[in-house]
Amino acid sequence: MSLETYKQKRKFDKTPEPKGTVHAGAKKLAFVVQKHRATQLHYDFRLEVGGVLKSWAVPKGPVMDPAVRHMAIMVEDHPYEYRTFEGVIPNGNYGAGEVIVWDEGWYEPYMVKGYTERDMIKGLKAGHITFILHGKKLKGEFALVRLQRAGPKAWLFLKADDDYALKSDITKKDRSVRSGKKLEDLKHHE
Ligand code: MN
């Protein structure tokens with residue numbers, strides 16, 4: 001796992017984002033969803049795997065409805081420290097715009113009994129991972145599945161049909177789970 005691409009894209013004297021390091025072994029694996037208004041509004045879905053945050057940009061956001069599938073574009077690995085980042089990336093920087101922590105919590109790798117973080121690494125290569133989220137908004141079983149014909153970065157974000165499934169649009173809950181702020185509450189200064 002490497003943060004090279006993450007670091008290449010950013011000037012850390014110009015952005016408040018963390019420089020970060022590869023994180024060594026927490027007991028519970030972290031996940032976070034950041035709502036980010038860059039050139040286009042999207043949600044960054046991040047799962048801790050191998051000491052970094054594997055990351056997907058989900059333009060329409062996560063779903064709780066098993067009937068709805070949203071595109072998720074895999075982006076560069078982010079440092080573990082990124083999971084708490086909330087603030088404004090100044091103009092002229094990569095991803096300039098406001099970021100809030102839309103959801104956070106921990107997750108369990110899950111496909112069959114005994115499925116582990118190491119299986120997540122295999123699943124990422126194979127293009128299919130399943131996991132149980134323990135967030136404030138996102139709960140239950142989910143999957144990310146790579147689209148075969150759409151290139152290596154195109155995945156689908158899916159909710160499994162379980163007791164936590166909802167028909168409603170979870171993105172209507174639009175406040176930060178850390179600060180209670182909405183994206184609009186963060187001032188984008190020039
Ligand atoms: Mn983003």
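To be clear, the structure that these remarks concern was listed above.
Residues numbered from 1 in each chain as written. Predicted model: local features only at pLDDT ≥ 70, side-chain atom pairs only at ≥ 80, totals over all residues. Heavy atoms only, no water.

## Some words on the pairing of strand β7 (residues 128-135)
Taking burial as the measure, the 8 residues of β7 include 6 buried ones, the bulk of the element. When strand β6 (residues 97-109) meets β7, the two strands line up antiparallel, connected through 5 bridges. Note that in β7 the partner of E108 across the bridge is I132. Bridging between β7 and strand β8 (residues 139-146) involves 7 bridges; their strand directions are antiparallel. Across the sheet, T130 pairs through a bridge with A143, a residue of β8. Hairpin geometry of β7 and β8 is characterised by an intervening segment of 3 residues between the two adjacent antiparallel strands. (Buried < 20%, exposed > 50% of the residue type's maximum accessible area, 1.4 Å probe, protein only. Helix = DSSP H or I, 4+ residues; strand = E, 2+ residues; numbered from the N terminus. Pairing = 2+ DSSP bridges.)

## Looking at the nonpolar core
F45, L47, W56, F131 and L138 are the most contacted members of the largest nonpolar core, which totals 27 residues. With 4 residues, strand β2 (residues 41-49) is the single largest residue contributor to this core. Leaving out residues up to four positions away in the same chain, L138 has contacts with F31, V33, F45, P62, M64, W102, D103, L133 and I170. One finds A30, Y80, Y82 and I89 within the second-largest nonpolar core, a separate group that totals 8 residues. (Core = buried A, V, L, I, M, F, W, Y, C linked by side-chain atoms within 4.5 Å. Contact = heavy atoms within 4.5 Å.)

## Thoughts on the coordination of the manganese ion
Those donors, H36 (ND1), H42 (NE2) and D44 (OD), are the protein atoms that reach the manganese ion, and they lie 2.1 to 2.3 Å from it. Every donor residue of the manganese ion comes from the same chain, spaced as H-x5-H-x1-D. Each member of the pair, H36 as well as D44, is classed as buried. (Donors = N, O, S within 2.8 Å, 3.2 Å for Na, K, Ca; no water.)

## What to know about the packing of aromatic side chains
Throughout the structure, instances matching the rule amount to 12 aromatic pairs. An angle of 75° between the planes, with centres 5.5 Å apart, marks the rings of W56 and W155 as edge-to-face. Note that W56 is positioned in strand β3 (residues 52-58) and W155 in strand β9 (residues 154-159), a separation of 99 residues in sequence. Each of the two residues, W56 as well as W155, counts as buried. Plain terms: the ring middles of F131 and F142 are 6.4 Å apart, the flat faces sit at 10° to each other, and that makes the pair stacked. (Phe/Tyr/Trp six-rings, centres within 6.5 Å; stacked < 30°, edge-to-face > 60°.)

## Here's the deal with the pattern of salt bridges
According to the stated counting rule, one finds 13 salt bridges in the structure shown. Residue D119 is joined to K122 by a salt bridge in which the shortest nitrogen-to-oxygen separation is 3.9 Å. Of the two residues, D119 and K122 both sit in helix α2 (residues 117-126), 3 residues apart, roughly one turn of that helix. For D162, the salt bridge identified is with K159, shortest N-O distance 2.8 Å. Among the charged side chains, a network of salt bridges with common partners joins K9, R10, E17 and E76. (Salt bridge = Lys/Arg side-chain N within 4 Å of Asp/Glu carboxyl O.)

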